[in-house]
Amino acid sequence: MQKTLSIIKPDGVAKKLIGEVVSVFESTGFRVAAMKMKWLSKSEAEGFYYVHRERPFFQELIEFMTSGPLILMVLEGEDVIKRNRELMGATDPAEAAAGTIRARWAHSKQNNIVHGSDSEESAKFEIGHFFSGIEIF
Ligand code: IDP
Ligand code: MG
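Numbering of residues starts from 1 in every chain and runs along the sequence as written. In the order they appear in the text, chains get letters beginning with A and ligands get numbers beginning with 1. For a predicted model such as this one, the threshold for reporting local features is a pLDDT of at least 70, and the threshold for listing and counting side-chain atom pairs is 80 or more; totals across whole chains, interfaces and linings nevertheless cover every residue. Side-chain calculation: all heavy atoms of the structure are included, whereas hydrogens and water are not.

S.K.: Give me the pattern of salt bridges: which residues, what numbers.
M.R.: Note that side chains of opposite charge can pair when their charged atoms are close. Salt-bridge detection follows one rule: a side-chain nitrogen of Lys or Arg within 4 Å of a carboxyl oxygen of Asp or Glu. For the structure shown, the criterion picks out seven salt bridges. Taking the shortest distance from any N to any O, the salt bridge between Glu 76 and Lys 3 comes out at 3.2 Å. With Glu 76 in strand S3 (residues 70–77) and Lys 3 in strand S1 (residues 2–8), this residue pair connects regions lying 73 residues apart in the sequence. Looking at Glu 76, the relative accessible area reads 15%, which means it is buried. Residue class for Lys 3 comes out partly exposed when judged on its relative accessible area of 30%. Close ionic contact of Glu 135 with Lys 36 constitutes a salt bridge, the shortest N to O distance being 3.2 Å. Taken as a pair, Glu 135 in the segment after helix H7 (120–130) and Lys 36 in strand S2 (residues 31–38) lie far apart in primary sequence, 99 residues in all. Only protein chains enter the area calculation, which uses a 1.4 Å probe; residues under 20% of their type maximum are buried, those over 50% are exposed, and those in between are partly exposed. Residue classification places Glu 135 among the partly exposed positions, given a relative accessible area of 31%. Lys 36 gets classed as partly exposed once you look at its relative accessible area, which sits at 22%. Beyond isolated ion pairs, a larger network of salt bridges with shared partners links Lys 3, Arg 31 and Glu 76. The helix and strand labels rest on DSSP assignments: H or I over at least four residues marks a helix, E over at least two residues marks a strand, and numbering proceeds from the N terminus.

S.K.: So, the site of ligand 1: which residues are in play, and what are the values?
M.R.: If you check the shell around ligand 1, you find Lys 9, Tyr 49, His 52, Arg 55, Phe 57, Leu 61, Arg 85, Thr 91, Arg 102, Lys 109, Gln 110 and Asn 112 and nothing else. In this structure, Lys 9 approaches ligand 1 through a side-chain N or O atom, which is 2.8 Å from an oxygen atom. Any pair of nitrogen or oxygen atoms within 3.5 Å is treated as a polar contact; in protein, a donor-acceptor pairing is required on top of that, and neighbouring residues in sequence qualify only through side-chain atoms on both sides. Here an oxygen atom of ligand 1 and a side-chain polar atom of Arg 102 are 3.0 Å apart. Areas reported as accessible are Shrake-Rupley estimates using a 1.4 Å probe. Residue values count occlusion only from the protein chains shown. Isolated, ligand 1 exposes 530 Å² of accessible area, and the fraction of that covered by the protein chains is 82%. Residues are sorted three ways: Asp, Glu, Lys and Arg are charged, Ala, Val, Leu, Ile, Met, Phe, Trp, Tyr, Cys and Pro are nonpolar, and all the rest, Gly among them, are polar. In terms of residue class, the shell around ligand 1 is built from three nonpolar, four polar and five charged. Whether a residue is near a molecule or strand depends on its heavy atoms: it is near if one of them lies within 4 Å of it.

S.K.: Tell me about the packing of aromatic side chains, residues and numbers included.
M.R.: Ring pairs shown here join Phe, Tyr and Trp side chains whose ring centres sit within 6.5 Å, with only the six-membered ring taken for Trp; geometry is labelled stacked below 30 degrees between planes, edge-to-face above 60, and tilted in between. Within this structure, the stated rule accounts for three aromatic pairs. Seen in terms of ring centroids, Phe 48 and Tyr 49 are 4.8 Å apart; in terms of plane orientation they differ by 65 degrees. Their pairing is edge-to-face. For Tyr 49, a relative accessible area of 6% translates into the label buried. When the centroid spacing of 5.4 Å and the interplanar angle of 40 degrees are considered together, the rings of Phe 48 and Phe 130 count as tilted. With Phe 48 in helix H3 (residues 42–48) and Phe 130 in helix H7, this pair connects stretches of sequence that are 82 residues apart.

S.K.: Which residues make up the packing of helix H2 (residues 18–28) against helix H5 (residues 80–88), and what are the values?
M.R.: Closest axis-to-axis distance for the H2/H5 pair is 11 Å, and the angle between their directions is 135 degrees. By the angle between their axes, H2 is oblique relative to H5. Considering the relative orientation of H2 and H5, their crossing is right-handed. On H5, the residues that touch Val 24, Phe 25 and Thr 28 of H2 are Arg 83, Asn 84 and Leu 87. Its residues placed into classes, the contact of H2 with H5 shows three nonpolar, two polar and one charged. Fitting a line to C-alpha atoms yields each axis, with helices limited to the stretch in contact; the angle taken between N-to-C directions then spans 0 to 180 degrees. These descriptions rest on fixed angle ranges, namely under 35 degrees for roughly parallel, over 145 for roughly antiparallel, 65 to 115 for roughly perpendicular, and the rest for oblique. For a crossing to be left-handed, the near helix must be turned anticlockwise from the far one by less than a right angle; the clockwise case is right-handed. Contacts are assigned to residue pairs that have any heavy atoms within 4.5 Å of one another.

Interpretation in functional terms is not warranted from these geometric data alone.
Quick look at the structure:
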């Protein structure tokens, strides 16, 4: 069984979409193996998005990700990394396929409701950034 890191970003929490998003994952058959609410510090957000540090939108992205509490989850399932990315839809909601989480609820390319790891390597790094072994069930 594969694991991935999923985040309901501050816009998703503010829009009261926690239940809707978790429902998409659970009805797909993913198991929630860990979950917590957290308000990220600047350095926690910068460390998480380290790979994007040179991108022009980096500072705004960090401001957005630290603008309020978010939900961190470890999801488990068969091929969950790729399947979660499919459920999320494209980064820009204008390009996201109909019925995906971002097509349904995202406001913009930045404020796009969810994060999901994009590879086994990033899933390992991202899960370890936020969860210790004893927090994952
Ligand atoms: P992803 O979340 O679909 O994997 P990435 O390219 O990894 O997309 O970008 C990480 C996050 O940075 C996005 O989810 C989004 O919040 C933000 N972002 C990406 N591209 C842009 C942009 O062009 N303008 C503003 N924000 C962006
Ligand atoms: Mg990404």
